[in-house]
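Geometric and topological summary
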Amino acid sequence: MLPTPHIKCDYDVVYEPSEDSFLLLDCFEQDQNFLKNKFQDQFVVVCELGPGSGILTTFLMQNKIPKRENTLYLALDISPWALEATLSAQERNNCQESILEVIQSDLTGSLRKGTTDLLIFNPPYVPAEKVPERPSGKDERNQWLDLALLGGEDGMVVTQKVLDQLDNILSPQGIAYILFCARNKPEQVAESMRENGWKVELIIYRKAGWEILSVYRFSRLPILK
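Values in this document were obtained by computation on a predicted structure and should not be read as measured data. (Residues numbered from 1 in each chain as written. Predicted model: local features only at pLDDT ≥ 70, side-chain atom pairs only at ≥ 80, totals over all residues. Heavy atoms only, no water.)

**Side note on the environment of D146**
Our working rule: Each helix is a run of DSSP H or I of at least 4 residues and each strand a run of E of at least 2, with the numbering of both proceeding from the N terminus.
Looking at the element boundaries, D146 is found in helix 5 (residues 141–149). Counting along the chain gives 12 residues from D146 to R134, while the straight-line C-alpha distance between them is 9.6 Å.

In structure tokens, the structure reads:
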């Protein structure tokens, strides 16, 4: 079993690692050889959207996923608290040799088109009447945490924005791992993406209390010659 990063931050403003976080850790431990083989001969850009506490990005750096060299890690979050936590997690777990850039960004707005090889997203997936508005400053502490949790109708408003941008975000060989809860209707989402020309695979799932969580991998279908 690969080591889990030591995380310590202010959970009043940053999402505390929970069942969804640990499911993603298990997902990448399970898929580490697949990723190493896929990206063995190239420079790799890894991007986590919404890193929160930084546990997942730090786990990847700590365990050299997808590989030891030629990897750039990006952590994009709208919350300044999350970016601080991610940098702190890198330092606390002695991962300073890994190249990490943290960027305050609303979803994918700061990504260059077609440059992300590995995209990871643990979205705000809890159904709610609407997605919370971005707080105007750090003083509105509770609202920063709401942004990490509430995903609007079916919990899918934020996730759908990312799915709609996958073709622009990912490099030609790029792949995305996205987490869903059962209330997001992930099988319907997967079928819709398949109909739009994507290869979609269920990688791992787990019952967590009354919820069922799953991680799907999205990639482009090979071009037939």
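**Some points on helix 6 (residues 157–169)**
Threshold: Expected span, for any helix, means 1.5 Å times one less than how many residues it has. Fitting one axis to the seven residues ending at a residue and another to the seven starting there, the bend at that residue is the angle between the two axes. Each residue is placed in one exposure class: buried if its accessible area under a 1.4 Å probe, protein chains only, is under 20% of its type's maximum, exposed if it is over 50%, and partly exposed if it falls in between. Should any heavy atoms of two residues lie within 4.5 Å, those residues are considered in contact.
With 13 residues, helix 6 extends 18 Å between its outermost C-alpha atoms, agreeing within 8% with the 18 Å of an ideal straight helix rising 1.5 Å per residue. By the largest-angle criterion, L163 marks the main kink of helix 6, which is about 25°. Considered for burial, the residues of helix 6 that qualify are V158, T159, V162, L163, L166 and I169. Where the residues of helix 6 are buried, they touch strand 1 (44–49), strand 4 (116–121), strand 5 (170–181), helix 7 (186–195), strand 6 (198–208) and strand 7 (211–220).

**As for the nonpolar core**
In summary, soluble globular proteins display a tendency toward joint burial of nonpolar side chains. Under the convention used in this document: In plain words, nonpolar cores are sets of buried Ala, Val, Leu, Ile, Met, Phe, Trp, Tyr and Cys residues tied together by side-chain atoms within 4.5 Å.
Counting residues in hydrophobic clusters, the biggest one holds 33 residues, and the most contacted among them are F28, L35, L56, L60, L118, Y177 and V215. Counting only elements with at least two residues in this core, the list comes to helix 1 (19–30), strand 1, helix 3 (55–62), strand 2 (71–77), strand 4, strand 5, strand 6 and strand 7. Counting 27 residues, the second-largest nonpolar core is a separate cluster that includes L49, L107, V158 and F218.

**Regarding the pairing of strand 6**
Put simply, side chains in a regular strand alternate between the two faces of the sheet. So the rule is basically this: By definition, two strands form a pair when at least two bridges between them are found by DSSP.
Inspection of the sheet shows strand 6 paired to strand 7 by 10 bridges, in the antiparallel sense. The partner of K199 across the bridge, within strand 7, is S219. Linking strand 6 back to strand 7 in an antiparallel pair, the connection comprises two residues, with G209 at a positive phi of about 65°.

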